[in-house]
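One-letter residues, chain by chain:
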Amino acid sequence: MAKEGCEMTEETQHMIEKQLSKENEHVESSCDGKEMRVVMLSGFGGLNKLRVTKKAMPEPADGEVKIRVKACGLNFLDLMVRQGIIDSPPKLPVVPGFECCGIVESIGENTEGFEIGDRVMAFVNYNAWAEVVCTSVDFVYKMPDEMSFAEAAAFSLNYVAAYMMLFEVANLREGMSVLVHSAGGSVGQAVAQLCSTVPNVTVFGIASCFKHPSIKNSVTHLFDRNIDYVHEVKVISPEGVDIVLDCLSGENTGKSLSLLKPLGTYILYGASNMVTGETKSFFSFAKSWWQVEKVNPIKLYEENKVIAGFSLLNLLFKQKKCDLVKSVMEKLLGLYNEQKIKPVVDSLWAVEEVKEAMQRIHDRGNIGKLILDVDKPPTPLMASDSTETSEAGEEEEETEGDNDIKERMPFIH
């Protein structure tokens, strides 16, 4: 009976995807050429749930601008969305992506502050991985003249998140110390650059050893994520650190809390340890959950420690703090114009290469941001196995350190 149930599930999934294909064909034939390429997520699971297809082009509503997209940002969160391991997953099918940049093509009624032809970057509550995006002016920001589209796609989400965690939540000041996990990632590099704008801030970075040569100059002290970094940090700073930024969760939560000084702040802004294989794993989810140190408020009181969480997308789309984010963006653009910060772009990918790009994120192979370049033509695969997907949705457990030794796809520029 179990086997029959499994077969029915696979057959049902096949029927759903076949129906989606028919619906898209109908849209393409009825939109009189007003269509666009999009990346569509048809179901939660592996890379085979993503495909490039056509969809009717949107038009701006009141208070919205229509953006001809030039580049989109890829984040680890997008991988978690694909696997379906986030709270409140989207209704399927959906076009993924939360940030993009491009040129204003048209403007809806009652829309002020933008003109056709403006170069802009924007937050989007899904639907960013498309040739055209419509979004409220509350989430749109003009790009500096010197900023490239690749830089803009690497700027908005990562730098706003890094700035707000450091300055709005943790109140970073002169002479403090910060420990950042995944120091080679796009948020990690943004954190390092922003810390350099404050005098005498010590940055402890945790990253895979193969990234160390590329990022060693961006942090004060750099440690391999597979060693006992708690001991190494305390050798340098016996009292610990003032701020910890954790995008991993799991066992790193307890380790990070043990490193906090009195009045120190631990901020959780992700849970990438829940991702191991290509598809969602209940074992990985449960393991990460049970490794998290259970927080005792009395212990926090006795040790004078602060625990916080941060989600920029919830702050924008659920809690409606658009004005606060806009003020932060103005400060960040000022720092960019003063050449104090500059986005680190790992690589550029064609829309048709989205699976390969997501595989690079999954392998933790990126240093800085991965970008979907809408105008870039696809190139021949550089790693023939980068998009292989198990039709059964099976996953292989990765052992610690595997990511450091596996063959990686070369950068694409």
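Criteria and thresholds
Position labels on residues start from 1 in each chain and follow its written sequence. The predicted origin of the model limits local features to residues at a pLDDT of at least 70 and limits the giving and counting of side-chain atom pairs to 80 or more, whereas totals for whole chains, interfaces and linings rest on all residues. Excluded from the side-chain calculation are hydrogens and water; included are all heavy atoms of the structure. Put simply, DSSP marks the helices as runs of H or I at least four residues long and the strands as runs of E at least two long, and each gets a number from the N terminus on. Per-residue accessibility, obtained with a 1.4 Å probe over protein chains only, is compared with the maximum for each type, and a residue is labelled buried under 20%, exposed over 50%, and partly exposed between these values. We call two residues in contact when some of their heavy atoms are within 4.5 Å. Under the convention used here, a 1.4 Å probe and the Shrake-Rupley method define accessible areas, while residue burial counts only the protein chains that appear. All axes here are fitted lines through C-alpha atoms, helices being fitted over the stretch that makes contact, and every angle between N-to-C directions spans 0 to 180 degrees. Relative orientations are named as follows: roughly parallel for angles under 35 degrees, roughly antiparallel for angles over 145 degrees, roughly perpendicular for angles from 65 to 115 degrees, and oblique for any other angle. Note on convention: the crossing is left-handed when the near helix lies turned anticlockwise from the far helix by less than a right angle, right-handed when the turn is clockwise. Gly falls in the polar group here, along with every residue not listed as nonpolar (Ala, Val, Leu, Ile, Met, Phe, Trp, Tyr, Cys, Pro) or charged (Asp, Glu, Lys, Arg). We count a salt bridge whenever a side-chain nitrogen from Lys or Arg sits within 4 Å of a carboxyl oxygen from Asp or Glu. Pairs of strands are assigned from DSSP output, requiring at least two bridges between the strands. Put simply, a nonpolar core is a bunch of buried Ala, Val, Leu, Ile, Met, Phe, Trp, Tyr and Cys residues held in one set by side-chain atoms that sit within 4.5 Å of each other. Multiplying 1.5 Å by the residue count of a helix minus one yields the expected span of that helix. Comment: arc refers to directions from the helix axis out to C-beta atoms. A pair of Phe, Tyr and Trp rings is counted when the ring centres sit within 6.5 Å of each other, with Trp represented by its six-membered ring. The angle between the planes then sorts it: under 30 degrees is stacked, over 60 is edge-to-face, the rest tilted. Lysine and arginine charges are scored as sitting over a ring when NZ or CZ, respectively, is within 6 Å of the ring centre and within 35 degrees of the ring normal.

Participant: Tell me about the overall build of the protein, and please be specific about residues and values.
Facilitator: The helix and strand inventory of the protein stands at 14 helices and 15 strands. Classification of the 413 residues of the protein by burial places 53% in the buried group. Relative to all contacts within the protein whose residues are 6 or more apart in sequence, the contacts with residues 24 or more apart total 72%. As displayed, the protein has an accessible area near 19,500 Å², and 52% of this comes from carbon and sulfur atoms.

Participant: I'd like to hear about the packing of helix α4 (residues 156–169) against helix α5 (residues 186–195), residue by residue, with values.
Facilitator: One way to put it is that α4 packs onto α5 with a least axis distance of 9 Å and a crossing angle of 55°. Relative to α5, the element α4 is oriented oblique. Between α4 and α5 the crossing geometry is right-handed. Together, Asn 158, Tyr 159, Ala 162, Tyr 163, Met 165, Leu 166 and Phe 167 of α4 and Ser 186, Val 187, Ala 190, Val 191, Gln 193, Leu 194 and Cys 195 of α5 make up the contact between the two elements. Along the lines of polarity and charge, the residues of the contact of α4 with α5 split into eleven nonpolar, three polar and no charged.

Participant: Describe the pattern of salt bridges, with residues and values.
Facilitator: Enumeration over the complete set of coordinates arrives at 15 salt bridges. Across the salt bridge formed by Lys 66 and Glu 59, the nearest N and O atoms sit 3.0 Å from each other. Between Arg 68 and Glu 105 there is a salt bridge whose closest N-O contact spans 2.9 Å. One end of the pair, Arg 68, is in strand β3 (residues 64–74); the other, Glu 105, is in strand β4 (residues 99–107), and 37 residues separate them in sequence. Here the salt bridges share partners, and the residues they tie into one network are Glu 59, Lys 66, Arg 68 and Glu 105.

Participant: Kindly report on unusual backbone geometry, identifying the contributing residues and their values.
Facilitator: Cis geometry marks the peptide bond from Leu 92 to Pro 93, where omega comes out at -5°. Here the phi dihedral of Tyr 126 falls at roughly 75°; this positive angle occurs in a residue that is not glycine. By secondary structure assignment, the location of Tyr 126 is in the loop between β5 (119–123) and β6 (132–136).

Participant: For the sheet that holds strand β9 (residues 202–207), give the residues involved together with the corresponding values.
Facilitator: The strand order β10-β9-β8-β11-β12-β13 describes an open sheet built from six strands, whose pairing is parallel. Since the sheet does not close on itself, it has two edges, and those belong to β10 (221–224) and β13 (306–309), each with one partner. When the angles between neighbouring strand axes are averaged without regard to direction, this sheet yields 15°. Relative to β9, strand β8 (residues 177–180) is paired through four bridges, and the arrangement is parallel. Its bridge partner being in β9, Leu 179 is matched across the sheet by Phe 204. Taken strand by strand, helix α8 (residues 251–258) contacts β11 (241–246), β12 (260–268) and β13, and its axis lies near 155° from that of β12.

Participant: Mind laying out the nonpolar core, listing which residues take part and the relevant values?
Facilitator: With 102 residues, the main nonpolar core has Met 121, Phe 123, Trp 129, Phe 155, Leu 245 and Leu 312 as its most contacted residues. For this core, the leading source of residues is α4, giving nine residues. Other than its neighbours up to four places away in sequence, Trp 129 contacts Val 38, Val 39, Cys 72, Gly 73, Leu 74, Asp 78, Val 95, Pro 96, Gly 97, Val 354, Met 358 and Leu 372.

Participant: Quick one: what's the story with helix α12 (residues 322–337), residue by residue and with numbers?
Facilitator: Taking 1.5 Å of rise per residue, the 16 residues of α12 would be expected to cover 22 Å, and the 22 Å separating its terminal C-alpha atoms lies within 8% of that figure. Listed as buried for α12 are Cys 322, Val 325, Val 328, Met 329, Leu 332, Leu 333, Leu 335 and Tyr 336. Viewed end-on, α12 has its buried residues packed into an arc of 155°, placing them on one side of the element. Facing away from the buried side of α12 by over 90 degrees, the exposed positions are Asp 323 and Glu 330. Each element contacted by the buried residues of α12 is listed here: β5, β7 (140–142), α3 (149–153), α4, α5 and α11 (312–317).

Participant: Residues and numbers for the environment of His 221, please.
Facilitator: Residue position: His 221 is located in strand β10. Placed 42 residues apart in sequence, His 221 and Leu 179 show a C-alpha to C-alpha distance of 9.4 Å. Ignoring sequence-local partners within four residues, the contact set of His 221 consists of Thr 202, Val 203, Phe 204, Gly 205 and Ile 236.

Participant: Help me get a handle on the packing of aromatic side chains, residues and values and all.
Facilitator: Applying the stated criterion to the full structure yields seven aromatic pairs. When the ring of Phe 123 is compared with that of Tyr 141, the centres are 5.9 Å apart and the planes differ by 85°; the resulting orientation is edge-to-face. Separated by 18 residues along the polypeptide, Phe 123 in strand β5 and Tyr 141 in strand β7 bring together distant segments of the chain. Judged by relative accessible area, Tyr 141 falls into the buried class, the value being 5%. Aromatic pair Phe 204 and Phe 223: ring centres 6.4 Å apart, planes at 10°, arrangement stacked. Remark: Phe 223 occurs in strand β10 and Phe 204 occurs in strand β9; sequence separation between them is 19 residues. The two residues Phe 204 and Phe 223 agree in class, both being buried. By the ring-pair criterion, three or more aromatic residues cluster together here, those being Phe 155, Tyr 159 and Tyr 336. Of note, Arg 119 hangs over the ring of Phe 149, and the distance from its end group to the ring centre comes to 4.9 Å.

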